[in-house]
Each structure stands twice: as structure tokens, then as C-alpha cells.
Amino acid sequence: MNYWLIKSEPHTYSFEQMKSDKKTLWDGVRNYQARNFMKEMKKGDIALFYHSGKDRQVVGEVEIVKEHYQDPTTEDSNWVVVDVKYKKTFENPVNLAEIKDRKTLSEMHLVRNSRLSVSAVKKKEYDMIVKMAES
DNA sequence: GCCAACGTTGGC
DNA sequence: GCCAACGTTGGC
């Protein structure tokens, strides 16, 4: 099983919205690196849900429930979506400053390339973030 | 609100 | 194929 991080501007699509929708298709990704990560996602994988903009924190988790398929919002076959399902809201969201403070997390795409909207997360990074969210 | 980082476009 | 110009994202 692999771990991922997906990013959303809360004014565009918030985690609260994700929770009330229960399930959604992750559309609108128009970046090849992000797209390639989406193509690697497998059913049952977990993704951290990050709020960019004013929030700047990891607020919870979603699960990949359907692997990539053509993005229905465009005719261009370059772009794909996956289906994600609401999984869990963190008791203590993990903010970007805390992430940057941790040496273990300093190699994360989130830290290295803040503009990448979908990225891979290593198991040790995922475990640490979950631990921070629970403490 | 500013600006750095990154991606894309288009002229040569 | 290079690179300048421009647009967008997102942290601060």
C-alpha cells in the first residue's frame, strides 16, 4: 500500500465539503508530475488531505476507491481523475510549520515543491504525520 | 499584497 | 532547441 498527499484550496474544495460528499472524483489536475502520481494510485491507498492558502495544514485522510480514468471535465486524454472517499478528520491538524520543523519530513514534496498538488508520501513520513495528528 | 518557484508559450 | 516573457500557485 502506498501513501499520497492531495492538496486543495479550502475556498475551492474544503475537507468539510469532502466529508459531507463522502466520495468525490479528484478532477482538474493539469500538471504532469501530479498526473503521474495519480496514475500510480491503487485502490485502498491512503491520501493525506492538505489545505493550502490560509489554512496550510493536513486536516485528515481520504482513501482511494477507484483508480485513474479519463477526466470527464476535459476532452483531453492527457488528464485523469481518481475517486476518493472521506476517511478521517484529524483531531489535531498538522500545520506546515510543524512539518517543516521535523527533520524526518524535510524531504517531502510538500516542503520541497509547494506548488505540486498531488504527491507521494513515504510510509515513515505518513506515520509521523499521523502520530503528530494524534498527539 | 508581495514575491519566489515553477510551468508553459512562442519567437528566434 | 534555447530562453525570455508571462501566468499561476501558494507561502509569507
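Our subject is the structure that appears above.
Just so you know, these numbers come straight off a predicted model, no measurement behind them.

Cut-off values and rules
- Residue numbers here run from 1 along each chain, matching the order of that chain's written sequence.
- Going through the entries in the order they are written, you letter the chains from A and number the ligands from 1.
- Given that the model is predicted, a residue must reach a pLDDT of at least 70 before its local features are reported, and side-chain atom pairs must reach 80 or more before they are shown or counted; all residues, however, enter totals for whole chains, interfaces and linings.
- Note that the side-chain values use all heavy atoms of the structure and ignore hydrogens as well as water.
- Should DSSP find at least two bridges between two strands, the strands are taken to pair.
- Numbering of helices and strands runs from the N terminus, with a helix taken as a DSSP run of H or I at least four residues long and a strand as a DSSP run of E at least two residues long.
- Fitted lines through C-alpha atoms serve as axes, helices being fitted only where they are in contact, and the angles separating the N-to-C directions of these axes extend from 0 to 180 degrees.
- Type-normalised accessible area, obtained with a 1.4 Å probe on protein chains alone, sets the label of each residue: buried when under 20%, exposed when over 50%, and partly exposed for intermediate values.
- Only a single heavy atom is needed: when it lies within 4 Å of a molecule or strand, its residue is near that molecule or strand.
- Whenever two N or O atoms come within 3.5 Å, that pair is a polar contact, provided that in protein one can donate a hydrogen and the other can accept it, and provided that, for residues adjacent in sequence, both atoms are side-chain atoms.
- Salt bridge, as used here, is a side-chain nitrogen of Lys or Arg placed within 4 Å of a carboxyl oxygen of Asp or Glu.
- Contacts are residue-level and defined by heavy atoms, with any inter-residue pair within 4.5 Å sufficient.

(A) Fine view of the sheet that holds strand β3 (residues 46-51). Pairing is mixed across the open sheet formed by six strands, whose spatial order is β2-β5-β4-β3-β1-β6. Whereas interior strands pair on both sides, the edge strands pair on one side only; in this sheet they are β2 (23-25) and β6 (118-121). On average, adjacent strands in this sheet sit at an angle of 35 degrees to one another, irrespective of strand direction. Pairing of strand β4 (residues 57-70) with strand β5 (residues 80-95), which is carried by ten bridges, proceeds in the antiparallel orientation.

(B) Just the environment of R115, in detail. The residue R115 is located in the loop between α4 (109-112) and β6 in this model. Classification of R115 as exposed rests on a relative accessible area of 78%.

(C) Focus on the pairing of β3. The element β3 is extensively covered by neighbouring structure, given that six of its six residues are classed as buried. Here β3 shows two buried faces, one formed by I46, L48 and Y50 and the other by A47, F49 and H51. Across six bridges, strand β1 (residues 3-8) lies against β3 in parallel orientation. Each bridged residue has a counterpart across the sheet, and for S8 the counterpart in β3 is H51. By the bridge criterion, six bridges tie β3 to β4 in an arrangement that is antiparallel. For H51, the partnering residue across the bridge sits in β4 and is Q57. Hairpin connection between β3 and β4: a loop of five residues separates the two successive antiparallel strands, and G53 in this loop has a positive phi of roughly 80 degrees.

(D) Molecular detail of the environment of V94. With respect to the helices and strands, V94 occurs in strand β5. For the pair formed by V94 and I129, sequence separation is 35 residues and the distance between their alpha carbons is 7.0 Å.

(E) Examining the protein's contact with DNA strand C more closely. Taken together, K7, Y50, S52, G53, R56, L96, K100, S114 and R115 make up the full set of residues adjacent to DNA strand C. Among the atoms of DNA strand C close to the protein, meaning within 4 Å, 79% are from sugar or phosphate groups. Measuring from a phosphate oxygen of DNA strand C, one finds a side-chain N or O atom of K100 at 2.6 Å. Contact distances for DNA strand C include 2.9 Å between a base oxygen and a side-chain N or O atom of R115.

(F) Quick look at the pattern of salt bridges. If you walk through the whole model with that rule in mind, you get six salt bridges. Here K85 makes a salt bridge to E63, at a shortest N to O gap of 3.9 Å. With a gap of 22 residues between them, K85 in strand β5 and E63 in strand β4 connect regions that are remote in the sequence.

(G) Main features of unusual backbone geometry. A positive phi is found at K22, a non-glycine position, where the angle reads about 65 degrees. Position of K22 relative to the elements: it lies in the loop between α1 (15-21) and β2. Classification of K22 as exposed rests on a relative accessible area of 58%.

(H) Spatial organisation of the side chain of Q57. You can see Q57 is positioned in strand β4. Judged by its relative accessible area of 19%, Q57 falls in the buried class. Once you skip the residues sitting within four places of it in the chain, Q57 turns out to touch F49, Y50, H51, P93, V94, N95 and L96.

Don't take any of this as a statement about function, it's just geometry.
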